[in-house]
Amino acid sequence: MDLNHKSAIVTGASKGIGRAISIALAKEGADIILAARTEEKLREVKKDISSFGGNSLIIPTDMSNEKDILNLFDKTKKEFGKLDILINNAGIFIKGNLVDFRTEDYNKIMNVNLRGVFLSCRQALKIMIPQKSGFIINISSNAVFKGYPEQSVYTASKHGIVGLTKSIANEVQKDGISVALIHPGGVDTELINYARPDIDKSLLIPPEDIAKTVIYMLKLSDNSWVDEIFIRRRAAKPF
Ligand SMILES: NC(=O)c1ccc[n+]([C@@H]2O[C@H](COP(=O)([O-])OP(=O)(O)OC[C@H]3O[C@@H](n4cnc5c(N)ncnc54)[C@H](OP(=O)(O)O)[C@@H]3O)[C@@H](O)[C@H]2O)c1
């Protein structure tokens, strides 16, 4: 697909992987809707995008707040009249043994990582189904292939995303909408520095590699689609 003037919402666009995806999509000529909570950081991403002539719109959004999510999609529809691409990337990580894990932290993780993705997919499809086109990529994690200790609730939220994505993909294929998953291994962001301080920073995946993966998936010909990609650190165990 030619990405020029495609409208693309990226959640969690203020830093890390979401920032890299937003910049990469903007370099391809897409119009980016930058969504996250921290407006100041979103302004920095917008500035980076403007520096090479790219176009972006900031819509401050808390993905655990339904009203914010409805506003994100309403404003996007008003501004661009369509939604071509949705990248559900916003996510949080809270580490802890299950036995000590607070219900409050369970809710925090699920509200952003799973409920947020559900609401976001639902609102996107309300625009994409009538227009009979659209692409949704949900960012999961390699945690869905493993069972790392102290990550059970985060991992459960990412399993939830996998189930949601697979089902939606089958539901909306008839409407011309393609839905996919990316499962990253350790990426060099604030999240992994907190989650896995044991990993040598120099061996982490650059966020730009996840962005390149998104671009690769979206730029395939109209006859091809990739359902999911697992991208791991080269130093990690294969398969
Ligand atoms: N880094 C890794 O190794 C790795 C591996 C596998 C999967 N992932 C996944 O990749 C995604 C991005 O992670 P990252 O590593 O780039 O983490 P990060 O650097 O901590 O960035 C997280 C992003 O999510 C946003 N976010 C967090 N809570 C939010 C909320 N309530 N509403 C809206 N936005 C929110 C943050 O923005 P604000 O704080 O401004 O809201 C930020 O833009 C996550 O889904 C994560 O689970 C990461």
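Residues numbered from 1 in each chain as written. Predicted model: local features only at pLDDT ≥ 70, side-chain atom pairs only at ≥ 80, totals over all residues. Heavy atoms only, no water.

Draft legend 1. Representation of the pattern of salt bridges within the structure. Here the structure, examined in full by the defined rule, presents 15 salt bridges. One salt bridge connects Glu 190 with Lys 15, and the closest N-O pair in it is separated by 2.8 Å. Of this pair, Glu 190 sits in helix 6 (residues 190–195) while Lys 15 sits in the loop between strand 1 (7–11) and helix 1 (16–27), and the two are 175 residues apart along the sequence. In this structure Lys 15 comes out as partly exposed when scored by relative accessible area, which is 38%. Across the pair Asp 209 and Lys 212 runs a salt bridge whose closest N-O atoms are separated by 3.8 Å. Residue Asp 209 and its partner Lys 212 are located together in helix 7 (residues 207–218), separated by 3 residues, close to a single helical turn. The class for Lys 212 is exposed, based on a relative accessible area of 56%. (Salt bridge = Lys/Arg side-chain N within 4 Å of Asp/Glu carboxyl O. Helix = DSSP H or I, 4+ residues; strand = E, 2+ residues; numbered from the N terminus. Buried < 20%, exposed > 50% of the residue type's maximum accessible area, 1.4 Å probe, protein only.)

Draft legend 2. Quick peek at the site of the ligand. In the vicinity of the ligand lie 30 residues, with Arg 37, Thr 38, Tyr 154, Val 187 and Thr 189 positioned nearest. Asn 89 places a main-chain nitrogen or oxygen 2.7 Å from an oxygen atom of the ligand. Here the ligand loses 95% of its free accessible area of 870 Å² to cover by the protein chains. For the shell around the ligand, the elements supplying multiple residues, two or more each, are helix 1, helix 5 (152–172) and helix 6. Tallying contributions element by element places helix 6 first for the shell around the ligand, with 3 residues. Looking at the shell around the ligand, its residues break down into 13 nonpolar, 12 polar and 5 charged. (Near = heavy atom within 4 Å. Polar contact = N/O pair within 3.5 Å; in protein donor to acceptor, adjacent residues only side chain to side chain. Areas by Shrake-Rupley, 256 points an atom, 1.4 Å probe, with all protein chains shown as cover. Nonpolar A, V, L, I, M, F, W, Y, C, P; charged D, E, K, R; others polar.)

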